[in-house]
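What the coordinates show
Given next are the chains, with one letter for each unit.
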Amino acid sequence: MKIRTLLGAIACSVAALAATSTAHAANYKSEYKLSIVVSTAFPWGQGAQIWSDLVRERTDGRINIKIYPGTSLVQGDQTREFTAIRQGLIDLAIGSTINWSPQIKELNLFSLPFLMPDYAAIDALIEGDVGKQLLNIVEGKGVVPLAWGENGYRQLSNSKHEVKSPEDLKGMKLRVVGSPLYIDTFTALGANPTQMSWADAQPALATGAVDGQENPLSIYAGAKLYDVAQKYLTLWNYVADPLIFVVNKQVWESWTPEDQKIVRDAALEAGKKEIEIARKGVTPEDPALLKEIEGHGVTVTSLTPEQHDAFVKVTQPVFDKWKKTVGEALVDQAQKDIAARKQ
Ligand code: X2X
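Treat the numbers as computed from the prediction; the structure is a model and nothing was measured.

Focus on the packing of aromatic side chains
How two aromatic rings sit relative to each other is given by the distance of their centres and the angle of their planes. Considering all chains together, one arrives at 14 aromatic pairs under this definition. Here W51 and F245 contribute two aromatic rings whose centre-to-centre distance is 5.1 Å and whose plane-to-plane angle is 65 degrees, an arrangement assigned as edge-to-face. A residue pair is termed long-range when its members are at least 10 positions apart, and W51 in helix α2 (residues 43-58) and F245 in strand β9 (residues 240-248) qualify at 194 residues. An aromatic cluster of three or more residues is present, and its members are F114, Y182, F186, W236, Y238 and F311.

Take a look at the structure:
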């Protein structure tokens, strides 16, 4: 009798549990929209693919993420992506800190000219206290941040001539990204910067409406910018843009704690792998991508320490001005952590 009661109770709770998970699953959408700027042919998009695949596998298809490249959910306007995530037009995203800077001024940190001299410096920021503070700020804006990724060090290309000094940039028409900090930096360098989306940048380069642009080598090569007359490339590592993996808050809260953990762990795993992919082939130790670019007849210019210093000097006032916007304490902390980084 007792055993029967016990078995009955177990059967009841199993049924109740099953009912709860069905109820949860019933709240789930059949598809979750993930926004990114470039396709899965780029490291950024590969990160999205890895995340989406891991989540689908580990939730047995309960969470089905579809990738929307080209920031198509906001008609290509990267600077509206963060707002669209908040509003629920976008369920998930892997976004560049640059594109979300108009809404989160602290993310301009990574765009301060010549703040981060090497990968160890980037790691010291995103893996340390500064990274935590920034993710807290993102969370405070009502979006759930899960992990860091990386677009990469942004190098300068143009169709005119080799750039080795600020003088070489004089009057050059350059497409820049959506934070006004970039307008200030390139104005200080004597160029003629104009802000446009990545979608508009490619035709503008192809028609010669602009002379040049700045982007990580993976984007430069993936978009075949050497085929649109971008034959001069200067490696100057002046800024790098990390990526942030996020989920819309209401969507996040609609998931069970078990599924939340799966999505978070998968983001951390995908972020780590994506950073590895983004750093492939673009260093003196592993120059495969650089060699490929040179193979397309591109003049690749590296700077001597003196040439590098000239760029740092001219952009110092921009750094100082924007340090106030980003937050003096945050920038001081970043500089301290970079100075103490493990090489
Ligand atoms: O628009 C760009 O330059 C890109 C693709 O790098 C970003 O989305 C920041």
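Remarks on the domain arrangement of the chain
Considered domain by domain, the chain is made up of domain 1 (29-150 + 242-279) and domain 2 (155-239 + 283-339). On a C-alpha basis, the centres of domain 1 and domain 2 stand 24 Å from each other. Contact with domain 1, which involves 32 residues of that partner, is made by 36 residues of domain 2. Counting each side, the surface lost to burial between domain 1 and domain 2 is near 2800 Å², with a carbon and sulfur contribution of 74%. If you sort the residues of domain 1 by the area they bury against domain 2, L112, P113 and F114 come out on top, with a joint share of 25%. The tally of links between domain 1 and domain 2 comes to zero salt bridges. Of all the secondary-structure elements, those providing two or more residues to the side of domain 1 that touches domain 2 are α2, α5 (119-126) and α6 (129-140). By residue class, the composition of the side of domain 1 that touches domain 2 is 21 nonpolar, seven polar and four charged.

Conventions and cut-offs
- Residues numbered from 1 in each chain as written.
- Predicted model: local features only at pLDDT ≥ 70, side-chain atom pairs only at ≥ 80, totals over all residues.
- Heavy atoms only, no water.
- Phe/Tyr/Trp six-rings, centres within 6.5 Å; stacked < 30°, edge-to-face > 60°.
- Helix = DSSP H or I, 4+ residues; strand = E, 2+ residues; numbered from the N terminus.
- Domains from an automatic or database assignment.
- Contact = heavy atoms within 4.5 Å.
- Buried area = accessible area lost by both parts, 1.4 Å probe.
- Salt bridge = Lys/Arg side-chain N within 4 Å of Asp/Glu carboxyl O.
- Nonpolar A, V, L, I, M, F, W, Y, C, P; charged D, E, K, R; others polar.

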